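If you want the building blocks of each chain, they are given just below.
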Amino acid sequence: MVKIKGFKADLPASTSSIKIPPKTIDQVIGQEKAAEIISRAALQRRHVLLIGKPGTGKSMLAQGMAELLPVKELQDIMVVPNREDENNPLIKTFPAGYGKVVAHQFREKARAVSGARTTLITALMVAIGVITFYYTFILRMPQALFSGIIAAAFLMMLSQQLKTNKIINIPKVLVNHRTGEKAPFIDATGAHEGSLLGDVRHDPFQSGGLQTPSHERVESGAIHRAHRGVLFIDEIATLEPKMQVALLTGMQEKKFPITGRSERSAGAMVRTAPVPCDFVLVAAGNLDTMRRIHPALRSRVQGGGYEVFMNETMLATKANEEKLIRFIAQEVTKDKKIPHFSAQGTAEILRVARRMGDRKGHLTLRLRELGGIIRAAGDLAKQEKAKLTDKKHVIKALIKARPLEKQVAHMFIDRKKEYQVILTEGSLVGRVNGLAVMGDAGIVLPIEAEVVPCSGTKSEVIATGNLGKIANEAVKNVSATIRKWFGKDLRDYDIYVQFLQTYEGVEGDSASIAVANAIISAISRLKVRQDTAMTGSLSIRGEVMSIGGINPKIEAAIDAGMKRVLVPSSNIKDIVIEKTKKIEIIPVKTLGDVVSHALINGSKLVKQIKSSDAPIFEVKTRQKNKKVVMA
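Residues numbered from 1 in each chain as written. Predicted model: local features only at pLDDT ≥ 70, side-chain atom pairs only at ≥ 80, totals over all residues. Heavy atoms only, no water.

Q: Help me out: how do you make sense of the overall build of the protein in this one?
A: If you tally the helices and strands in the protein, you get 20 helices and 27 strands. Within the protein, buried positions represent 48% of all 631 residues. Partitioning the contacts of the protein with sequence separation of at least 6, the portion at a separation of at least 24 is 73%. Working note: accessible area of the protein is about 31900 Å², and carbon and sulfur atoms make up 54% of it. (Helix = DSSP H or I, 4+ residues; strand = E, 2+ residues; numbered from the N terminus. Buried < 20%, exposed > 50% of the residue type's maximum accessible area, 1.4 Å probe, protein only. Contact = heavy atoms within 4.5 Å. Areas by Shrake-Rupley, 256 points an atom, 1.4 Å probe, with all protein chains shown as cover.)

In structure tokens:
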């Protein structure tokens, strides 16, 4: 074991020495509460709804539940022909492993009967041939040839009919298991209607003795294959409402008939007897799922199961660091194509987990993304024929295997700098470098503001740049704060705010202090330092509040070439990036702090505001450069 500064856990010289738990439920990282509920739900066969961000372990919990289900004898399900109504096949169940045996017995019996019939028909055909030849050519009776042909045709039709009857009487296995097999785990994520609920195949030959028997065209659905096991559906709210209702019916009745559901089988008259589907549902989704899931289906889960909200981070304790080290070993073992990690490589992955956690003293639980970095680093090590994946491979992987959002963010930064949309030096009036996130990548967000005399009967705040609802509301709140600062006469002016080249859209309120700073600069005509970027939410009382994505935002400011960045003081503890030496990080608590640091002579402006209940400022409009005294 190796002790590395900054980590509580001792790091193994190689993750190959880490033991992997045999049970899937024990391999889930950081979801102890969810694992406990899953274990309890498995014991009582309860349904579970898992809500949380992608990659936090929802599918692994569902697989773990299948392993924990109480031993219950599995059943083979067969569809057999209905002699009274061929369009309504019957359903039979047998103990696991017997379905194929029964079908084989029917097939062997049909083969034996078919063999005897074939022998008899062959003998009759030979007899007809001999008799026809004798009467036609020996006794010179030409009409006998015609009679022989008719008799032979009749025998061929009889043979075909017997063959069809043989097929019709053989049952079809819909669901089969091996003796002693564990409870099935069926992942029905993204399944279309027929795949989820069962379907009836189309038959182009519906007559003439060539048609496929109805029961032979029946296909089982995921709900039937999950009988006495676990049915897992991720992003369950994406299912159409009628499919959710059908799923609910299967959950309640524990059986569901199969009928034609696809476009090519929708006209079929076939509908089987109810097919057993006694499954445990593990449904998953994000917060939006709660709004879009069918109320009756959710009510069924609430009334007969559990709802679980997944953790997104966990405390960076020694025990949790050890769990993440085990996660690295698990990912390498599952992949089977990359080398294990050295102590330094493991430490670098832990640092990445800290940055992704985006909170001081926390580690991320978005483990699918972390697993992608592990595999990318392992691929680089494999390419170099290294025995272990080291720190340098992880660092290269973070650059070479960047997610699309980071690739796009870097492209935006480069283009905007090329066309001077992003400025990193000098000073300008009414122009501020804000910060935002795109996915998990930070971007620099240039914002401009201008104040002009009111063009209508009342003043307006006009914000442009493809703003979302929250962003628009944030601009209005900022304008209220600015009006309070500069007095009631500001109502005679229109305030324009533009988010430059934000074709991708803007949402959220983390650009509030940037918007406020741009407007104050436009009013006071004081210049804003362009080597400074800023991020922070602003209350209507002028307090700077914490925001999310602080680390990728600071990284974006560094990548853009900024020298300073203003951040909420409450977010200082969340900064865990290692590039902080490349930029000056300035914590701010109030709008006054922001103005003092961002505007040239901003401190003087703040003192003037604080010293007067009715502050006076000179506002230079672009119309005739007229000075307007505001009191």
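Q: Please explain the environment of Thr532 as it appears in this structure.
A: By secondary structure assignment, the location of Thr532 is in strand S21 (residues 532-534). Sequence separation of Thr532 and Gly561 is 29 residues, and the distance between their C-alpha atoms is 9.5 Å. With residues up to four places along the chain from it excluded, the contact list for Thr532 reads Asn433, Met562, Arg564 and Leu566. One polar contact links Thr532 to Asp531, side chain to side chain, over a distance of 3.0 Å. (Polar contact = N/O pair within 3.5 Å; in protein donor to acceptor, adjacent residues only side chain to side chain.)

Q: Please explain the sheet that holds S21 as it appears in this structure.
A: Whether parallel or antiparallel, the strands of a sheet pair through hydrogen bonds between backbone atoms. Pairing is mixed across the open sheet formed by 7 strands, whose spatial order is S18-S19-S17-S16-S21-S24-S25. One side of each edge strand has no neighbouring strand; the edge strands of this open sheet are strand S18 (461-464) and strand S25 (584-588). Shown here is a sheet whose adjacent strand axes are inclined to one another by a mean of 30°, direction ignored. Taken together, the 5 bridges between strand S24 (residues 564-568) and S25 define a ladder with parallel strand orientation. Bridging from a neighbouring strand, Pro568 pairs with Val588 of S25. (Pairing = 2+ DSSP bridges. Axes fitted to C-alpha atoms, helices over the stretch in contact; angles between N-to-C directions.)

Q: For this particular structure, what's the right way to read the nonpolar core?
A: Proteins that are soluble and globular tend to have nonpolar side chains buried together. Formed by 41 residues in total, the largest nonpolar core has its most connected members in Val497, Ile519 and Leu591. Those elements that provide at least two residues to this core are strand S16 (431-438), strand S17 (441-453), helix H16 (469-486), strand S19 (493-499), helix H17 (512-524), S25, helix H19 (591-598) and helix H20 (602-610). Per-element accounting of this core gives the leading share, 9 residues, to H17. Among residues more than four places away in sequence, those in contact with Ile519 are Ala449, Val451, Val478, Ile482, Ile495 and Val497. Of all hydrophobic cores here, the second largest spans 32 residues; its members include Ile328, Val332, Ala347 and Leu363. (Core = buried A, V, L, I, M, F, W, Y, C linked by side-chain atoms within 4.5 Å.)

Q: I would appreciate a short explanation of the environment of Ala449 in the present structure.
A: Here Ala449 shows up in strand S17. When its relative accessible area of 9% is taken as the criterion, Ala449 is described as buried. A C-alpha to C-alpha distance of 9.1 Å links Ala449 and Ala516, two positions 67 residues apart in sequence. Those residues in contact with Ala449, other than ones at most four positions away along the chain, are Gly430, Tyr496, Val497, Ala518, Ile519 and Ala522.

Q: Help me understand unusual backbone geometry, please; the structure alone is not making it clear to me.
A: Excluding glycine, a negative phi dihedral is what most residues carry, and trans is how most peptide bonds are arranged. At Glu235, a residue that is not glycine, the phi angle is positive and equals roughly 50°. Summarising the element assignment, Glu235 is placed in the loop between strand S8 (230-233) and helix H8 (241-253). Overall, the relative accessible area of 24% leaves Glu235 in the partly exposed class.

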